[in-house]
Number of protein chains: 4
Amino acid sequence: MAVRAAVAGASGYAGGEVLRLLLAHPEVEIGALTGNSNAGQRLDALQPHLLPLAGRVLTETTPEALDGHDVVFLALPHGQSAAVAERLGPDVLVVDMGADFRLKDPADWERFYGSPHAGTWPYGLPELPGARSALEGSKRIAVPGCYPTAVSLALFPAYAAHLAEPEAVVVAASGTSGAGKAPKPHLLGSEVMGSMSPYGVGGGHRHTPEMIQNLSAAAGERISVSFTPTLAPMPRGILATCSAKARPGVTGEAVRAAYAKAFADEPFVHLLPEGQWPATASVHGSNAVQVQVALDESAGRVIAISAIDNLTKGTAGGAVQSMNLALGLDETTGLSTIGVAP
Amino acid sequence: MAVRAAVAGASGYAGGEVLRLLLAHPEVEIGALTGNSNAGQRLDALQPHLLPLAGRVLTETTPEALDGHDVVFLALPHGQSAAVAERLGPDVLVVDMGADFRLKDPADWERFYGSPHAGTWPYGLPELPGARSALEGSKRIAVPGCYPTAVSLALFPAYAAHLAEPEAVVVAASGTSGAGKAPKPHLLGSEVMGSMSPYGVGGGHRHTPEMIQNLSAAAGERISVSFTPTLAPMPRGILATCSAKARPGVTGEAVRAAYAKAFADEPFVHLLPEGQWPATASVHGSNAVQVQVALDESAGRVIAISAIDNLTKGTAGGAVQSMNLALGLDETTGLSTIGVAP
Amino acid sequence: MAVRAAVAGASGYAGGEVLRLLLAHPEVEIGALTGNSNAGQRLDALQPHLLPLAGRVLTETTPEALDGHDVVFLALPHGQSAAVAERLGPDVLVVDMGADFRLKDPADWERFYGSPHAGTWPYGLPELPGARSALEGSKRIAVPGCYPTAVSLALFPAYAAHLAEPEAVVVAASGTSGAGKAPKPHLLGSEVMGSMSPYGVGGGHRHTPEMIQNLSAAAGERISVSFTPTLAPMPRGILATCSAKARPGVTGEAVRAAYAKAFADEPFVHLLPEGQWPATASVHGSNAVQVQVALDESAGRVIAISAIDNLTKGTAGGAVQSMNLALGLDETTGLSTIGVAP
Amino acid sequence: MAVRAAVAGASGYAGGEVLRLLLAHPEVEIGALTGNSNAGQRLDALQPHLLPLAGRVLTETTPEALDGHDVVFLALPHGQSAAVAERLGPDVLVVDMGADFRLKDPADWERFYGSPHAGTWPYGLPELPGARSALEGSKRIAVPGCYPTAVSLALFPAYAAHLAEPEAVVVAASGTSGAGKAPKPHLLGSEVMGSMSPYGVGGGHRHTPEMIQNLSAAAGERISVSFTPTLAPMPRGILATCSAKARPGVTGEAVRAAYAKAFADEPFVHLLPEGQWPATASVHGSNAVQVQVALDESAGRVIAISAIDNLTKGTAGGAVQSMNLALGLDETTGLSTIGVAP
């Protein structure tokens, strides 16, 4: 089997990361690479770390360019995926790394993204209850946002096991690659090095409804999420510190048991030994998720913390993992659980 | 007036920072510099950024060395200040930058520090209700911890104005200098660059009882604090993201008004214009505190975020500010509100 | 005396740094702040670290706005200073932090900057032989480039004392603020963190002729400079590693003696004790220069290394130092030799 | 075929990196993991990024522990390899990642390492003239130092083609992992972030004789090297900026042609397109080497710059590449030329 894959939006960070992973994937052959504003440029000027693709040139994102592939990865700005996807045939596996098909509630989409809702595709976070079977054999995949990946994996076991009250508080730190490659003053190295800063405070971040959707589904009731993202002085990684009030009578043992059970068979989620806490460096470039959980008895809260690489498990690794499921491959094919550290 | 100041523990980060500030203080003359394990070494090998002190040599921390000064700053490991302080006369102003005299409850001290409680001194956070007057003319000052400084300033106005429920959730990111200069593997540059990691999770951090003490005093009732500190890849700075459930009927306007009133006359605390959020880079090397607050209506929480320099306002700047009050000087003497950015 | 100073280009890094220093200058009162593309914006949105100027608003760079000041600092893109300067009266002290008036040879200017040469002003590096007297009382000052400041101070004593052959090799690492605040993809935090990269290799950097000009003047003969700048993952600082073949018979003692003599009376240049080498962190935010020199006997080369803060001594601090000389103030007024470290 | 490999010194950075690579190597099975001071500890506490080895425990470095393996990697402090190696049989492939067997001249060894010379093994830099054939089938391999790898690859083509004068000047920046995992104050994150600093200046670095050995062999004459290493604020990567005076009549075309020829068939060395320069981020975690070269006509120098990952191609990747040759495997087995960027 040789799966032929195209990447639309190959010049950005998500596009570069999916190419990095596909180059190491034993079943995939890389086809068209497209990128509108960079069409005509050599990939090695834009992604100099992808040495095996050094000679390749970007073309425009047209139906013709994307035609003839088994899989098309869309790494496009929010709102642009639907128009490209509808020109691709129903037999092509389309993996959208943008936000367009993640949300189920059209009102949520319109409030946070300001354009008509395009629809909802199977959600590419196989570790969530019920998600894996929806991905198997699917021809359309909505890759989760990076923050929702980290937060949902940290908290869903507590909610699925009814251990926590329905009001979650999340503070997450993200590396700067999560903000993309379009140059903006606040993303300059001079600004971000040596600085921590919040943004989208007070419920304004677009990833909030996605977290609420995931956690509410796991809980069987509406979960509210107070989400504060912060920009950290590192290129990659998300550390999500999540907590919720423990339900009456919940013990530390019960919490730990719920997490151990939730992740027992998961190839990518690693519940750390007691007393050890996640670090983003440990999952740098890896599809692994480090999770730890504890009951703060004094404050009466379940505290769950996860670390992921926002570009790998948080975007392109999650996309390839879901692609594997959709194609009937072993879910771990081509994906590593080994971080590049230190 | 020429205030003669000694620094015990001049080779560490807190000691170096207080020297940096005292060198710029118009009323202070720097006297003895002591440091036990480094006694006999030149200061410029240990603190090469303090050029005006390049020729000075550290001596041992003895009563004789510290004798004859108007002010003695103690930058010693926790538990060592009491023994030094009791050998200093009652007319000497002793400013303890360690934890020894911060906590009022001996049981809290013993639980978190594991040794007998030495006592409680006036608390060097003048912005807290009632704190300033206790510092004026005092001969003993307990400088707050860096995290409690950031967290107490972010949250006390909400509690003093009875706007929030008594359960606070705090996630704070700190630069590595907060962990001190003693070399440990997890503090190596190779480990911290590119990584965010939590520690002391679940109520275990020694600064938690200090936050509870401050916020409970402001609220007039017991406030619980769920505190998660994280280590960030930067040398300096604390970003404290704090929240608590809003009391019924509380509006965004009421929240903002309470903060505006709390900080109206404070020379070092700056409530940012609406929509602008703190960044640690903005207060790098400065005694200023950036604060912003908002009501997350969807999650029903008051979210208050502060940024400080952990070594300046969080340690040595707070110490000098309190020294100024104790000596009857203008509180801002020798202290800057200008950050070194970018 | 109250010197009234305007800053044209107050929104960029050089403009922000000169404001940071002028705020601490006891003889200066800050007047107009201008910035064309940002005219009308609040300064605190652009320079949030300059708390004392939080309420100020930028105006357009017009003759009227700059009128009525004793000193005008120009922090403008290269090639724009001449047009502004000629509208300012001959009694106004004009300090150009751009490149326009640095080079003596019009051909050098035209080759590297591609526009007509505007002229040559007294050169604001007082430590160079003869430079100080030309600045005293001057009404026009050309502030040196950041790299030429670091390299000229590292090498001129060797050339002035005829200790080295006339072919210098320089490799310098600069923090990203040297590249300015205009957002470009290669300056994104995601790109620069964790990466070292050269640019302008092979004689192409605009600062090369300025180094040659300075070193040739000190040597009394033409010095060639092979200059390779590299971008380092830090916001501030230049480390310049410079070397040249030692002339026959030159000893390590002679080299050290020449440097000790050259900097004996310099308030800002610190020749480190033998065996200690410069670090950019030690001069962070300071106007100090750390220099060390050694004779590599095996390779037969004089190796001189300097560390400066590119924005302070390398730009705005050097500008204020020269302003002090031009105004007849003590050269060190308002300038610190203390770094903000760690 | 299943090659059974042991790693002595598995808790350090070189040991961790060779394990990271061996885990991805299709022909290798990981056997004993030893580490004296950490014997008895779980690997996941020491190397939390190596998830597939999470349950493994370190044993002591004894002959018994290392017995029964096809390959033994030694990641030990300098001077300790010989004692371990002599207890391993002649049929075992021993790959020494320390310095013990790199230098040919016993006097060089003794001068720089201060102990008796243990001998010289085939040198694991296959790209050097003649090196590859010496490695094929060998049972002993001396892995080069990280700086010599970067510098030798950048300069040997110029010397092999007699394009440059025999006096090379090298300034290299290294990430902090090159200094190892033993905690020392100057390697703390607080010290290295935001700072560039040189060390071992003036010929004192132990890697200098190794560079001289390699370049002299390529040139057929004695090459002197003035080498200045600098510590850069990043965990990984070496950028080596190397230059030498061009021989009379040498053209830019001749220089480029020599490099193109030298690397034409090399799987890991990539001569960049003209005008593009290396960046360490592009080879992060990869075994690739980026090289660029230019003739600075104004200064008359050949300037060659290389970027490597000091832990991968500079240590453990080079070790695995040489192991492949020694075992008769394809040289590139298990090694990637794709960097983890941004």
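Residues numbered from 1 in each chain as written. Chains lettered and ligands numbered in written order. Predicted model: local features only at pLDDT ≥ 70, side-chain atom pairs only at ≥ 80, totals over all residues. Heavy atoms only, no water.

An unreviewed UniProt entry lists chain A under the name N-acetyl-gamma-glutamyl-phosphate reductase, with Streptomyces bungoensis given as the organism. Heading Pathway (unreviewed entry) of the UniProt record for chain A holds this comment: "Amino-acid biosynthesis; L-arginine biosynthesis; N(2)-acetyl-L-ornithine from L-glutamate: step 3/4." Quoted verbatim from the Subcellular location (unreviewed entry) field of UniProt, the annotation for chain A is "Cytoplasm". (UniProt positions renumbered as here; feature names shortened; annotations may be inferred.)

K.L.:
So what exactly am I meant to see when it comes to the packing of aromatic side chains here?
P.N.:
Two aromatic rings are characterised by how far apart their centres lie and by the angle between their planes. All names here are of chain B. Counted under the stated rule, the structure contains 20 aromatic pairs over all chains. Where Tyr259 meets Phe263, the ring centres are 6.2 Å apart and the plane angle is 65°; that geometry is what we call edge-to-face. With Tyr259 and Phe263 both in helix α10 (residues 252-263) and four residues apart, this pair spans about one turn of that helix. For the residue pair Tyr259 and Phe263, the accessibility class agrees, reading buried in each case. (Phe/Tyr/Trp six-rings, centres within 6.5 Å; stacked < 30°, edge-to-face > 60°. Helix = DSSP H or I, 4+ residues; strand = E, 2+ residues; numbered from the N terminus. Buried < 20%, exposed > 50% of the residue type's maximum accessible area, 1.4 Å probe, protein only.)

K.L.:
Help me understand the sheet that holds strand β7 (residues 197-198) of chain B in this model?
P.N.:
What holds strands together in a sheet is hydrogen bonding between their backbones, with the strands either parallel or antiparallel. Here we have seven strands laid out as an open sheet, ordered β7-β8-β6-β9-β12-β11-β10 (chain B), and mixed in their pairing. Edge strands, defined here as strands with exactly one partner in the open sheet, are β7 and β10 (269-271) of chain B. (Pairing = 2+ DSSP bridges.)

K.L.:
For this particular structure, what's the right way to read the interface of chain C and chain B?
P.N.:
Many analyses report the size of an interface as the accessible area lost when the parts associate. Contacts between the two partners involve 31 residues from chain C, matched on the other side by 31 residues from chain B. Between chain C and chain B the total buried area reaches about 2,400 Å² when both faces are included, carbon and sulfur atoms providing 65% of it. At the junction of chain C and chain B, the tally comes to zero salt bridges. One can count twelve residue pairs in polar contact (both at pLDDT 80 or more) joining chain C with chain B. Only α1 (13-23) and α2 (43-46) of chain C provide two or more residues apiece to the side of chain C that touches chain B. With four residues, the top contributor of residues to the side of chain C that touches chain B is α1 of chain C. Of the residues contributing to the side of chain C that touches chain B, the split by class is 16 nonpolar, ten polar and five charged. (Contact = heavy atoms within 4.5 Å. Buried area = accessible area lost by both parts, 1.4 Å probe. Salt bridge = Lys/Arg side-chain N within 4 Å of Asp/Glu carboxyl O. Polar contact = N/O pair within 3.5 Å; in protein donor to acceptor, adjacent residues only side chain to side chain. Nonpolar A, V, L, I, M, F, W, Y, C, P; charged D, E, K, R; others polar.)

K.L.:
I would appreciate a short explanation of the relation of the copies chain A and chain B in the present structure.
P.N.:
A rotation about some axis, followed by a shift along it, carries one copy of the chain onto the other. Laying chain A over chain B is done by rotating through 180° and shifting 0.0 Å along the axis; what remains is an RMSD of 0.0 Å. Such a combination of turn and shift is consistent with a two-fold rotation axis. A share of 100% of interface residues in chain A that are also interface residues in chain B marks the association as one of identical surfaces. (Least-squares fit on C-alpha atoms with pLDDT ≥ 70 in both.)

K.L.:
Help me understand the UniProt feature "active site" (unreviewed entry) in chain A in this model?
P.N.:
Residues and elements named next belong to chain A. Residues given the UniProt feature "active site" (unreviewed entry) here are Cys146. Turning to its location among the elements, Cys146 is positioned in helix α7 (residues 146-160). Among the residues examined, Cys146 registers a relative accessible area of 11% and is labelled buried. Once residues lying within four places of it in the same chain are set aside, the contact partners of Cys146 are His207, Ile238, Ile308, Asn310, Gly314 and Thr315.

K.L.:
Which parts of the structure should I look at to understand the packing of helix α7 (residues 146-160) of chain D against helix α9 (residues 208-219) of chain D?
P.N.:
If you want to describe how two helices pack, look at the angle between their axes and the distance between the axes. Residue and element names in this part refer to chain D. It is the contact of α7 with α9, at a shortest axis distance of 9 Å, that shows an interaxial angle of 20°. If you check the angle between α7 and α9, you find them roughly parallel. Seen along the crossing, α7 lies across α9 with a hand that is right-handed. On α9, the residues touching Tyr147, Pro148, Val151, Ser152, Leu155, Phe156, Tyr159 and Ala160 of α7 are Glu210, Met211, Asn214, Leu215, Ala218 and Ala219. Residues belonging to the contact of α7 with α9 are distributed by class as follows: eleven nonpolar, two polar and one charged. (Axes fitted to C-alpha atoms, helices over the stretch in contact; angles between N-to-C directions. Parallel < 35°, antiparallel > 145°, perpendicular 65-115°, else oblique. Left-handed = near helix turned anticlockwise from the far one by under 90°.)

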